[in-house]
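Next come the chains, spelled out residue by residue.
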Amino acid sequence: MGAIAAKTTISWTGHDGGSHEGELVTRSKGHDVISCDICGFRHALPLPDPAELERAYRENYYAEEKPTFIAHATEDADWAALSYRDRLESFEQLLPQPRRRLLDIGCGPGFFLKVAKERGWSAEGIEPSRQAAAHARSLGFDVIEEFFNRQACANLGRYDVVHLNNVLEHIPNPMEIVRLARDLLTSGGILCINVPNDYSPFQTGACAALSLPQWWVAPPHHLNYFDFETLTGLVNRAGFSVAERSTSFPMELFLLMGLDYTNNTSLGRACHNQRKNFDMALESSGLRETRRAFYRALAVAGIGREAVVIAVKQ
Ligand SMILES: [Zn+2]
C-alpha cells in the first residue's frame, strides 16, 4: 500500500450501472482508491453489492469487526457529549422552536439520541446492527432496526434535522443516501454529516515524515474518503447550503510529534485519552467557546480528524 508514482486512470461500472472514473490514488487490500471525477470524492473500487454489504453490517459489524466499540463508546460517552451538544446548539440557533424533531441515521448505541433528548429534542434512530440497536433501546429509544434506504424511508416521518454520523464513509451510494435524507427534511431543515477527514495535510505529512503507509485507507469497511471540500461538494449537489464546518482533535499531531500509534492499539488508546483530556480540560475551565472556535479554525485549514458539516436544505 502506498502513494502511486505514475498517474493511472481507472474506470469501473457499478452494480447499479453507475460509472466511476478517476486518477488512482492508493492501492490497498485488493482495492483501488480513485479520486472519482464523476462522484467528486475519493472512493474505493470495486464497490460492493449493497445487499451483501447490508447483510455484513446487520450480522457482523459490531460483533466481529468492532468487538470493543460499544464498550469504548460507553467509556467515552461524557466526552462525546461535548461535540454532540455543540452540534445540537448549532441546530437550535438555525431552527426556531418548536422545530425539534430529529432522526439519527446509523444511531449506533444511541448516545447522540440521549444527549438530544436531554436538550428537549424528539429523537428517533435507525440502525442496522442488532447489538447497537439493542443498546439504544436499553437507553429507552425507539430504534428502527434497518438499513437506511428507499424502502426504510416509507416507514419514517418528517424531521427538522437528519444526523448522519460515521455513515457515509461505509456505503457504496452516499449521494443516494443524502438525497433520501433530504426528502425526509421539512422546509429549511438541517442535515449534519460527520465523516473521517481523510488525505488531510497532517495525514499525508505524517506519512512522509515517518515513512508510514496510508493507514487510514481501510477497504472494504471504509469505501469513501472525504475531506471538507468534497463533502461540501456532495451536499451542495444534493440541494443543501453549508452553514457550518467543524472538526475534532487532529490525532495526526501525535504522529508528527513522534508517537506512531498506527500499528499499536494501546498507544492509540492512550493518545485518544490525551485528546479527551484536552477537550474536557477546556470544558471544565470555562473555555467551551474557545474549543469550538479552535475546531472551526482547524476546519478552515482542512485539518482535524473528522469533517463535520451542518447544511441547510435549499
Ligand atoms: Zn465514483
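That block above? That's the structure.
As the structure is a prediction and not an experimental result, all values here were calculated from the model. (Residues numbered from 1 in each chain as written. Predicted model: local features only at pLDDT ≥ 70, side-chain atom pairs only at ≥ 80, totals over all residues. Heavy atoms only, no water.)

A. Examining the packing of helix 4 (residues 77–94) against helix 13 (residues 288–300) more closely. The interhelical angle for the contact between helix 4 and helix 13, taken along N-to-C directions, is 85 degrees, at an axis separation of 12 Å. In terms of orientation, helix 4 lies roughly perpendicular with respect to helix 13. Where helix 4 approaches helix 13, its residues L82, R85, D86, E89 and S90 are matched on the opposing element by R288, E289, R291, R292 and R296. Among the residues making up the contact of helix 4 with helix 13, the classes are represented as 1 nonpolar, 1 polar and 8 charged. (Axes fitted to C-alpha atoms, helices over the stretch in contact; angles between N-to-C directions. Helix = DSSP H or I, 4+ residues; strand = E, 2+ residues; numbered from the N terminus. Parallel < 35°, antiparallel > 145°, perpendicular 65-115°, else oblique. Contact = heavy atoms within 4.5 Å. Nonpolar A, V, L, I, M, F, W, Y, C, P; charged D, E, K, R; others polar.)

B. Representation of the pattern of salt bridges. What the rule picks out here adds up to 22 salt bridges. In this structure, E75 engages R269 in a salt bridge whose closest nitrogen and oxygen atoms are separated by 3.3 Å. In this pair, E75 sits in helix 3 (residues 69–75) while R269 sits in helix 12 (residues 265–284), placing the two residues 194 residues apart along the sequence. For D198, the salt bridge goes to R305, with nearest N and O atoms at 3.3 Å. (Salt bridge = Lys/Arg side-chain N within 4 Å of Asp/Glu carboxyl O.)

C. Structural view of the layout of surface pockets. Considered as a void within the structure, the second largest pocket measures approximately 430 Å³ in volume. Along its surface, the second largest pocket is lined by 23 residues, and D16, H20, C39, P172 and N173 are the ones closest to its centre. Those elements that provide at least two residues to the lining of the second largest pocket are strand 3 (19–28), helix 8 (174–184) and helix 10 (228–237). Ranked by the residues each element gives to the lining of the second largest pocket, the list is headed by helix 8, at 4 residues. Along the lines of polarity and charge, the residues of the lining of the second largest pocket split into 11 nonpolar, 8 polar and 4 charged. (1 Å grid on protein atoms, 1.4 Å probe; cavity = no way out; pocket = protein on both sides within 12 Å on 5 of 7 lines; lining within 4 Å. Points joined across faces, edges and corners; volume = space filled by probe spheres on them.)

D. Structural detail: the coordination of the zinc ion. Summarising the metal site, the zinc ion is bound by the protein donors H20 (ND1), C36 (SG), C39 (SG) and H43 (NE2), whose distances to it range over 2.1 to 2.2 Å. The sequence motif formed by the donor residues of the zinc ion is H-x15-C-x2-C-x3-H. Neither C39 nor H43 differs from the other in exposure class; each is buried. (Donors = N, O, S within 2.8 Å, 3.2 Å for Na, K, Ca; no water. Buried < 20%, exposed > 50% of the residue type's maximum accessible area, 1.4 Å probe, protein only.)

E. Structural context of the nonpolar core. Judged by nonpolar contacts, the single largest core of 47 residues is most densely connected at F148, L168, L191, I193 and L231. If near-sequence neighbours (up to four positions away) are discounted, L168 is found in contact with P174, I177, V178, I193, V195, N224, F226, L231 and L234. (Core = buried A, V, L, I, M, F, W, Y, C linked by side-chain atoms within 4.5 Å.)

F. Region of interest: the sheet that holds strand 13 (residues 306–313). Read across the sheet, 7 strands follow the order 8-7-6-9-10-13-12 without closing on themselves; strand pairing throughout is mixed. Where the open sheet ends on each side, the last strands, each with one partner, are strand 8 (143–144) and strand 12 (240–246). Sheet analysis places strand 6 (residues 101–105) next to strand 7 (residues 122–126), joined by 5 bridges and oriented parallel. Within the sheet, the bridge partner assigned to R101 lies in strand 7 and is S122. Across the face of the sheet, helix 5 (residues 111–118) comes into contact with strand 6, strand 7 and strand 9 (159–165) while running at roughly 170 degrees to strand 6. With respect to the sheet, helix 10 is in contact with strand 10 (185–196), strand 12 and strand 13, its orientation differing from that of strand 12 by roughly 155 degrees. (Pairing = 2+ DSSP bridges.)

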